[in-house]
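This is what each chain is made of:
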Amino acid sequence: MTLQASSFAVGIPSFTPPLRRHRNLSVVRAQVEPSEKSVEIMRKFSEQYARKSGTYFCVDKGVTAVVIKGLADHKDSLGAPLCPCRHYDDKAAEAGQGFWNCPCVPMRERKECHCMLFLTPDNDFAGEEQKISLDEIREATRNM
């Protein structure tokens with residue numbers, strides 16, 4: 001018995017919707033700052049966790065300030081300090097899962113901080129400080 005392959009093609013006419021005229025509308029997004037309270041909470045948390053974990057802030061305090069401010073923003077908008085240095089398709093779902101909430105699982109398990117907020121002493125970018133003031137955060141993020 002011989003099997004014979006058959007093939008067929010189905011023609012599907014292409015459909016091109018008619019062109020529509022759109023008005024040129026500009027979208028303006030308001031940049032909302034995280035609350036002062038959340039920035040202070042995340043600042044204190046960061047200092048405490050650095051001491052507890054034996055890690056240090058980046059030698060460039062601007063990095064530390066931006067990350068703390070990003071954590072505070074996510075704390076305000078999502079209810080959790082979701083890592084601000086990663087891309088998420090669904091931030092709310094990620095915050096709910098907790099894997100990337102600071103301190104994230106890689107940080108807790110292996111002391112690997114993607115954001116460079118908590119650096120081990122042997123890291124080339126590690127500074128010698130485990131403290132940052134609210135004024136330092138304000139100054140570093142003033143023009144953002």
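## Quick look at the overall build of the protein chain
So, point 1. Within the protein chain, the regular secondary structure consists of five helices and zero strands.
So, point 2. Each helix and strand of the protein chain, placed in order from N terminus to C terminus, yields the pattern α-α-α-α-α.
So, point 3. Across the 144 residues of the protein chain, 35% fall into the buried class.
So, point 4. Carbon and sulfur atoms make up 52% of the accessible area of the protein chain, which totals about 10,700 Å².

## Topic: the state of the cysteines
So, point 1. For the structure on display, the rule yields zero disulfides.
So, point 2. Residue C83 stays outside any disulfide, its sulfur separated by 3.2 Å from that of C115, the closest cysteine.
So, point 3. Assessed through its relative accessible area of 7%, C83 is described here as buried.

## Structural notes on the pattern of salt bridges
So, point 1. Under the definition given, this model contains 11 salt bridges.
So, point 2. Of the charged contacts, one joins E36 and R138 as a salt bridge, the two residues approaching to 2.2 Å between their closest N and O atoms. Placement of the pair is E36 in helix α1 (residues 36-53) and R138 in helix α5 (residues 134-140), with a sequence separation of 102 residues.
So, point 3. Overall, E36 belongs to the partly exposed group, its relative accessible area being 45%.
So, point 4. Its salt-bridge partner being E40, residue R43 comes within 2.7 Å of it at the nearest N-O pair. Of the two residues, R43 and E40 are both situated in helix α1; the distance of three residues between them amounts to about one turn of the helix.
So, point 5. A residue is classified by how much of its surface remains accessible, and R43, at 12% relative accessible area, is buried.
So, point 6. The network of salt bridges with shared partners includes E40, R43, K44 and E47.

## What about the environment of C104?
So, point 1. Its place among the elements puts C104 in the loop between α3 (91-97) and α4 (105-110).
So, point 2. The exposure class assigned to C104 is buried, which follows from its relative accessible area of 9%.
So, point 3. With residues up to four places along the chain from it excluded, the contact list for C104 reads F99 and E112.

The rules we used
Residues numbered from 1 in each chain as written. Predicted model: local features only at pLDDT ≥ 70, side-chain atom pairs only at ≥ 80, totals over all residues. Heavy atoms only, no water. Helix = DSSP H or I, 4+ residues; strand = E, 2+ residues; numbered from the N terminus. Buried < 20%, exposed > 50% of the residue type's maximum accessible area, 1.4 Å probe, protein only. Areas by Shrake-Rupley, 256 points an atom, 1.4 Å probe, with all protein chains shown as cover. Disulfide = S-S within 2.5 Å. Salt bridge = Lys/Arg side-chain N within 4 Å of Asp/Glu carboxyl O. Contact = heavy atoms within 4.5 Å.

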